Amino acid sequence: MDAARFARPHILNQPVYQPGKPIAHVAREFGLDAARIDKLASNENPLGPSPMALAAATAALRGVNLYPDGCCWDLNGKLAERLQVGRDQLVLGNGSNEILELVAHVFLGPGTEAIMGVHGFAVYRLVTLLMGAKPVEVPMPGFAHDLAAMRAAVMPRTRVVFLASPNNPTGTAHTEAELIAFARSLPENVLFVLDEAYAEYQDRAPDLRPLIAEGRPVLCTRTFSKIYGLAGLRVGYGYTRPDIAALLHRARQPFNINAVAQAAALAALDDDDFVRRSRENNRAGLQQLAAGFRELGLEHVPSEANFILVQVPDGAKAFQFLQARGTIVRPFGDLPDHVRITVGTPDQNARGLANLRTYLASRA
Ligand SMILES: *Cc1c(COP(=O)(O)O)cnc(C)c1O
């Protein structure tokens, strides 16, 4: 018997996340040398992993016969100290993606709704659907979240509002004052998830800790996948009210962060030099790409993150054309006239721009 006939029915309609294409796949498909392919598709750090994290991860491999520390004592403690929050306010995840999924496990199910921007991070919709809840996708005029419209979408069935600032894939961000006013406007039984995956790239990231301290149901998520360069190890975290953290802990696996990842993340937090270099490379790269787009006559959405959404004729074709020439970018079904390009090294950015120029010439 077809297993689909005894599976839970909603799983048959569950959409599947489309990741950026791995370099090896593109090399195989187009007969390219993998060393000459630039993956500017998944907002990874072009400078590699933090060297201090790499050394700590290598050392930790010797101990992988043992289970990892299920409560992540050291990493939890260092994050608590850095953020000036209690240990009981933190939850670590296998990527911040897992924190989003834990939110869905705890707060969403049939008959409930989660609010998100129509061009918000794709995972919000996926975790909502996975729990049998309804995603309410609010239009984003000018590619930014419309906070008033998101507030107006709150219904008695609403349990969660997901919002990334800076947002992926648009790169748009909100001010601290806007986010605080929005959070305060929400009912007390609606969890506000502020996804801060790109906060470390901002000059000064909004700080919602005072709202959490005064008892608002706010959860901020962060990740080691972006500025710390550890996407392949999968570590992220959330900080929130202690009672909310306790609920999320109930839903997680006992050993959800592996030992190598814990060691690497702990060391990465001390690698100030790497973080500074990453931020500087990104700032220069954003300017390089923006100037390049202007020269090519392409409109882009101003970004506070490590990528830019740029308008191109036929995003799907542009993606195909660029990847055959060794630059992997990210197309989006809901943004058919755009692609998202991650800030790379100066050389990678220059090659990406040159390939874009060739693409535009091929259509003239
Ligand atoms: C990349 C990204 C994440 C991070 O995902 P991880 O699971 O931590 O790798 C979370 N939210 C947004 C908006 C992102 O772009």
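Draft legend 1. Geometry of the sheet that holds strand β8 (residues 236–240). Spatially, 7 strands are ordered β2-β8-β7-β6-β5-β3-β4 in an open sheet, and the strand pairing comes out mixed. At either end of the open sheet lies a strand with only one pairing partner, and these are β2 (90–93) and β4 (134–138). The mean inter-strand angle of the sheet, taken between neighbouring strand axes irrespective of direction, is 20°. Pairing of strand β7 (residues 218–223) with β8, which is carried by 5 bridges, proceeds in the antiparallel orientation.

Draft legend 2. Highlighting the environment of Q202. Mapped onto the secondary structure, Q202 falls in the loop between β6 (191–195) and α8 (209–213). Classification of Q202 by relative accessible area gives buried; the value is 7%. Here Q202 is in contact with S165, P166, A173 and E304, once residues within four sequence places are set aside.

Draft legend 3. Seen up close, helix α10 (residues 259–268). Counting buried residues in α10 gives 7 out of 10 residues, a clear majority hidden from the surface. Taken together, the buried positions of α10 are V260, A261, Q262, A264, A265, A267 and A268. The inward-facing, buried residues of α10 contact α2 (51–60) and α3 (73–83). N-capping of α10 is provided by N258, with a side-chain oxygen placed 3.0 Å from the backbone N of V260.

Draft legend 4. Examining the side chain of S278 more closely. Along the chain, the position of S278 falls in helix α11 (residues 272–296). A relative accessible area of 3% places S278 in the buried class. From its side chain, S278 meets the backbone oxygen of F274 in a polar contact 2.8 Å long.

Draft legend 5. Structural detail: the domain arrangement of the protein chain. Here the domain parsing of the protein chain yields domain 1 (19–48 + 272–362) and domain 2 (51–268). A separation of 26 Å is found between the C-alpha centroids of domain 1 and domain 2. Listed by partner, the interface residues are 25 residues for domain 1 and 22 residues for domain 2. For the domain 1 and domain 2 pair, buried surface summed over both sides reaches about 1,900 Å², with 59% attributable to carbon and sulfur atoms. At the boundary of domain 1 with domain 2, the tally comes to 1 salt bridge. Where D203 meets R283, a salt bridge forms, and the shortest distance between an N and an O atom there is 3.2 Å. Listing elements by their share of the side of domain 1 that touches domain 2, those giving two or more residues are α11, β10 (307–311) and β13 (335–342). When its residues are assigned to classes, the side of domain 1 that touches domain 2 shows 9 nonpolar, 9 polar and 7 charged.

Definitions and limits used
- Residues numbered from 1 in each chain as written.
- Predicted model: local features only at pLDDT ≥ 70, side-chain atom pairs only at ≥ 80, totals over all residues.
- Heavy atoms only, no water.
- Pairing = 2+ DSSP bridges.
- Helix = DSSP H or I, 4+ residues; strand = E, 2+ residues; numbered from the N terminus.
- Axes fitted to C-alpha atoms, helices over the stretch in contact; angles between N-to-C directions.
- Buried < 20%, exposed > 50% of the residue type's maximum accessible area, 1.4 Å probe, protein only.
- Contact = heavy atoms within 4.5 Å.
- Polar contact = N/O pair within 3.5 Å; in protein donor to acceptor, adjacent residues only side chain to side chain.
- Domains from an automatic or database assignment.
- Buried area = accessible area lost by both parts, 1.4 Å probe.
- Salt bridge = Lys/Arg side-chain N within 4 Å of Asp/Glu carboxyl O.
- Nonpolar A, V, L, I, M, F, W, Y, C, P; charged D, E, K, R; others polar.

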